[in-house]
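Fold and geometry: a report
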Number of protein chains: 2
Amino acid sequence: MTDFARLSLNSATTKKWTLAEAVEGCVRAGIPAIGPWRDRVAEAGLDKAAKLIKDAGLRVSSLCRGGFLTAADAEGQAAALADNRAAILEAVTLDTRELFLVVGGLAPGEKDIVAARRRVADRLADLVPFASENGIRLVLEPLHPMYAADRALVSTLGQALDLAAPFDARDVGVAVDTFHVWWDPQLKEQIERAGREYRIASYQVCDFNLPIAADVLLSRGMMGDGVIDFATIGTWVRDAGYTGDIEVEIFNQEIWDTDGNVVLGTMKERYAELVLPFA
Amino acid sequence: MTDFARLSLNSATTKKWTLAEAVEGCVRAGIPAIGPWRDRVAEAGLDKAAKLIKDAGLRVSSLCRGGFLTAADAEGQAAALADNRAAILEAVTLDTRELFLVVGGLAPGEKDIVAARRRVADRLADLVPFASENGIRLVLEPLHPMYAADRALVSTLGQALDLAAPFDARDVGVAVDTFHVWWDPQLKEQIERAGREYRIASYQVCDFNLPIAADVLLSRGMMGDGVIDFATIGTWVRDAGYTGDIEVEIFNQEIWDTDGNVVLGTMKERYAELVLPFA
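Now for a look at the structure at hand. (Residues numbered from 1 in each chain as written. Chains lettered and ligands numbered in written order. Predicted model: local features only at pLDDT ≥ 70, side-chain atom pairs only at ≥ 80, totals over all residues.)

Quick word on the overall build of chain A
This is how it is decided: For helices the rule is a DSSP run of H or I covering at least 4 residues; for strands it is a run of E covering at least 2, with both sets numbered from the N terminus onward. This radius of gyration counts C-alpha atoms alone. The globule rule is 2.2 Å times how many residues there are, raised to the power 0.38. Each residue is represented by a C-beta atom placed from its backbone, and any two residues with such atoms within 7 Å are regarded as in contact.
Assigned secondary structure in chain A consists of 11 helices and 11 strands. For chain A, whose C-alpha radius of gyration is 18 Å, the value lies close to the compact-globule estimate of 19 Å for 279 residues. Each principal axis of the C-alpha atoms in chain A carries an extent, and together these give about 50 × 45 × 40 Å. For chain A, contacts bridging at least 24 residues in sequence account for 78% of all contacts bridging at least 6.

Okay, structure coming up:
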């Protein structure tokens, strides 16, 4: 019998489902963990969300997401810190250790990427003590370079590890999301490094579909539908010592238009065929 | 008076112009160099193309492009080598030293990016002796990672330099194209390295426009219209010792729909304002 013990549904994959529906869907499908987005949690109400996940017997693999740390003005920076502190407390209530950070892009009109990256490092240093006190790990997620300007100036795993380096590995980790990093010529060595440094906080799987969708945010695909070699990347992640949850996070209009139960069925099949043998 | 001595028009920027029209346009605008694409050269006829550029007193900054070296089968590999040898001879006739290579993506149905990259290295080794005998430098162009699967498995300057490393710097160089590399967290150090290793064969400028165009090939923009910091990157390229031509290569439907003479005028203005002060 296939072992789905490490499989987790990121709630963005079944975008039309409320959190309660996603939890019920996971239970029905025998998926033991969920990675909720904050908007779905807020919609359900934080305490109620925590209770319904717990009562269903699911694990929370991560919370998506804090970040957007690149504001250049004091007001924007204070707002970002307040929002991230709120996210840290939400992660505590939801009983997960891992809070994803999408670090943000250039400030409006800004072109100085070097300065913007420095602000990410500064805000991270501001946040780490509060996260640490609350037992939450801030998970730096490198995003594909096509999102560098407007979503995340952290584009490679090596860069995320460099940003994480000043901090304890229990406080700042990194995510390996196949969609974002599959192309990276340094991927093998940086996954090895992430393992050595005990920083792999999440392994997220989905495919990179071609052609790239007109809305470039929606080019993520079901495993097997795109160009990614899950056997190779999965082996690197396993050999780096990662034994945690494997989250499936897909933004894709066609998948969003499909019945959630069907999506979970396909997801289990593809996980069993393409991901699990190398996990 | 503004010094346009290093400015070159890549013929793709004025896509609707024939090579003869582009040459005339450059002469009218006082642009001293041109980087033709091979299809425009073929259309004019190779010898005629060489003569019309020479008679107009223009320099050929580079020839675009050879490459597509990732075929997995013997027949495809032989065809790729034959095409690249032809391109080398075309570069000789056109009196340029620099032949751009866009290395190609995964073979049809292939997912093993590691193996595909190895084939790029193998085909490069096959080609270098012929290029060297003919006095042509093969210019590895890292392309933005969004093109990794289908156009170029070489995605960073560092990776291009690693690929070039086994060969003499007179035989294999690298291109710095702002559109493709602006996001790279290692850009400064890799431009410095490229300079130290005498491998910078071309500096191409254009902007990275947002939102990304629905056809992702057409997101290149006129300098100043997007997110790129030409001052910083230009300074790094200058400090690395590059003194060659600066080519403007833009794939952009709106620019293609604009009268070529107007485009050249805008290009000169933006070059003078954003690029030249740091060149």
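A look at the sheet that holds strand 3 (residues 59-60) of chain B
All names here are of chain B. As a reminder, the rule being used: For two strands to pair, DSSP has to find at least two bridges joining them. Each axis is a line fitted through C-alpha atoms, taken for helices only over the stretch in contact, and angles between the N-to-C directions span 0 to 180 degrees.
Strand order in the open sheet formed by nine strands is 3-2-1-11-8-7-6-5-4, and the pairing between neighbours is parallel. Both edges of this open sheet fall to strand 3 and strand 4 (63-67), since each of them pairs with a single strand only. Bridging between strand 5 (residues 98-102) and strand 6 (residues 137-140) involves four bridges; their strand directions are parallel. If you follow E98 over to strand 6, its bridge partner there is R137. Contacts between helix 5 (residues 113-133) and the sheet are confined to strand 6 and strand 7 (172-177), with strand 6 contributing the most and set at about 145 degrees to the helix.

Considering the relation of the copies chain A and chain B
For clarity, the threshold we go by: We superpose the copies by least squares over the C-alpha atoms of residues that have a pLDDT of at least 70 in both of them.
Rotating chain A by 180 degrees and moving it 0.0 Å along the rotation axis overlays it on chain B with an RMSD of 0.0 Å. Those values place the two copies in the arrangement expected of a two-fold rotation axis. In terms of proximity to the rotation axis, the leading residue of chain A is A214 of chain A, whose C-alpha is 2.1 Å off the axis. Both copies present the same face, since 100% of the interface residues in chain A are matched by interface residues at the equivalent positions in chain B.

Side note on the interface of chain A and chain B
Put simply, the rule reads: Ten residue types, Ala, Val, Leu, Ile, Met, Phe, Trp, Tyr, Cys and Pro, are classed as nonpolar, four, Asp, Glu, Lys and Arg, as charged, and the remainder, Gly among them, as polar.
At the junction of the two partners, chain A supplies 25 residues and chain B supplies 25 residues. The residue makeup of the side of chain A that touches chain B, split by class, is 16 nonpolar, five polar and four charged.

Brief notes about the pairing of strand 6 (residues 137-140) of chain A
All names here are of chain A. Our working definition: Remark: C-beta atoms are placed from the backbone, and a residue is labelled buried if 20 or more other C-beta atoms sit within 10 Å of its own, exposed if 12 or fewer do, or partly exposed between those counts. Looking down the strands as they point away from you, a crossover is right-handed if its path from the first strand over the helix to the second goes clockwise.
Along strand 6, one buried face is formed by R137 and V139 and the opposite face, lined by L138 and L140, is buried too. Considered for its hand, the β-α-β crossover made up of strand 5 (residues 98-102), helix 5 (residues 113-133) and strand 6 is right-handed. Across three bridges, strand 6 lies against strand 7 (residues 172-177) in parallel orientation. Bridging across to strand 7, L138 finds its partner in V172. Where the polypeptide runs from strand 6 across helix 6 (residues 157-164) and back to strand 7, its parallel neighbour, the crossover connection is right-handed.

Here's the deal with the nonpolar core
Let me state the cut-off plainly: Joined through C-beta atoms within 7 Å, a set of buried Ala, Val, Leu, Ile, Met, Phe, Trp, Tyr and Cys residues constitutes a nonpolar core.
Among the nonpolar cores identified, the biggest contains 186 residues, and L99, L140 and V174 of chain A together with L99, L140 and V174 of chain B are the most heavily contacted of them. Those residues in contact with L99 of chain B that sit more than four places away from it in its chain are L63, G66, A87, I88, A91, I136, R137, L138 and V139 of chain B.

Thoughts on the environment of R28 of chain A
Mapped onto the elements, R28 of chain A comes out in helix 1 (residues 19-29). When the 11 C-beta atoms within 10 Å are taken as the criterion, R28 of chain A is described as exposed.

Notes on the sheet that holds strand 5 of chain A
Residues and elements named next belong to chain A. Taking strand neighbours across the sheet as the criterion, the nine strands line up as 3-2-1-11-8-7-6-5-4 in an open arrangement whose pairing is parallel. Edge positions in the open sheet fall to strand 3 (59-60) and strand 4 (63-67), since each of these has one partner strand only. Pairing between strand 4 and strand 5: three bridges, direction parallel. Looking at the pairing, G67 lines up with V102 of strand 5. Relative to strand 4, helix 4 (residues 74-94) is tilted by about 160 degrees, and along the sheet it contacts strand 3, strand 4 and strand 5. Against the sheet, helix 6 contacts strand 6 and strand 7, and its axis sits at roughly 170 degrees relative to strand 7.

Here we look at the packing of helix 6 (residues 157-164) of chain B against helix 8 (residues 187-196) of chain B
All names here are of chain B. Stated precisely, the cut-off is as follows: If an angle is under 35 degrees, it is roughly parallel; if it is over 145, roughly antiparallel; if it lies from 65 to 115, roughly perpendicular; otherwise it is oblique. Here a crossing is called left-handed whenever its near helix is offset anticlockwise from the far helix by less than a right angle, and right-handed whenever the offset is clockwise.
Look at helix 6 against helix 8: their axes get within 9 Å of each other, and the N-to-C directions meet at 30 degrees. Classified by the angle between their axes, helix 6 and helix 8 sit roughly parallel to one another. The chirality of how helix 6 crosses helix 8 is left-handed. In this structure, helix 6 contributes L157, G158 and L161 to the contact, and helix 8 contributes L187, Q190, I191, R193 and A194.

Looking at helix 8 of chain B
Residues and elements named next belong to chain B. Stated precisely, the cut-off is as follows: The directions considered for the arc are those from the helix axis to the C-beta atoms.
Residues of helix 8 that are buried include every one of L187, Q190, I191 and A194, and no others. Angularly, the buried residues of helix 8 cover 105 degrees about the axis, an arc narrow enough to put them on a single face. If you follow the buried residues of helix 8, they end up packed against helix 6, strand 7, helix 7 (178-181), strand 8 (200-205) and helix 9 (230-239). In the stretch just after helix 8, Y198 is the one whose phi turns positive, near 60 degrees.

Topic: helix 9 (residues 230-239) of chain A
All names here are of chain A. Looking only at helix 9, the buried set comprises F230, I233, G234, W236 and V237. The buried side chains of helix 9 occupy one side of the element, clustering within an arc of 160 degrees when seen end-on. Considering only its buried residues, helix 9 is in contact with strand 7, helix 7 (178-181), helix 8 (187-196), strand 8 (200-205) and helix 11 (260-275). One or two residues past the end of helix 9 sits G241, with phi positive at roughly 95 degrees.

Here we look at the pairing of strand 7 of chain B
Residue and element names in this part refer to chain B. The buried count for strand 7 comes to six of six residues, which makes it a mostly enclosed element. Burial along strand 7 is two-sided: the residues V172, V174 and V176 and G173, A175 and D177 are all buried. Across four bridges, the pairing between strand 7 and strand 8 is parallel. When the bridges of strand 8 are listed, D177 appears paired with Q204.

Observations concerning the environment of D162 of chain A
All names here are of chain A. Here D162 is to be found in helix 6. Of the residues examined, D162 has 15 C-beta atoms within 10 Å and is grouped as partly exposed. Put simply, D162 and A121 are 41 residues apart on the chain and 9.9 Å apart in space, counted from C-alpha to C-alpha.

A word on the packing of helix 4 (residues 74-94) of chain B against helix 5 of chain B
Residue and element names in this part refer to chain B. Direction vectors running N to C along helix 4 and helix 5 enclose 30 degrees, while the axes themselves pass 10 Å from each other. As the angle between them shows, helix 4 and helix 5 are arranged roughly parallel. Considering the relative orientation of helix 4 and helix 5, their crossing is right-handed. Across from Q77, A80, L81, N84, R85 and I88 in helix 4, the residues of helix 5 making contact are R123, D126, L127, F130 and A131. A per-class count over the contact of helix 4 with helix 5 returns six nonpolar, two polar and three charged.

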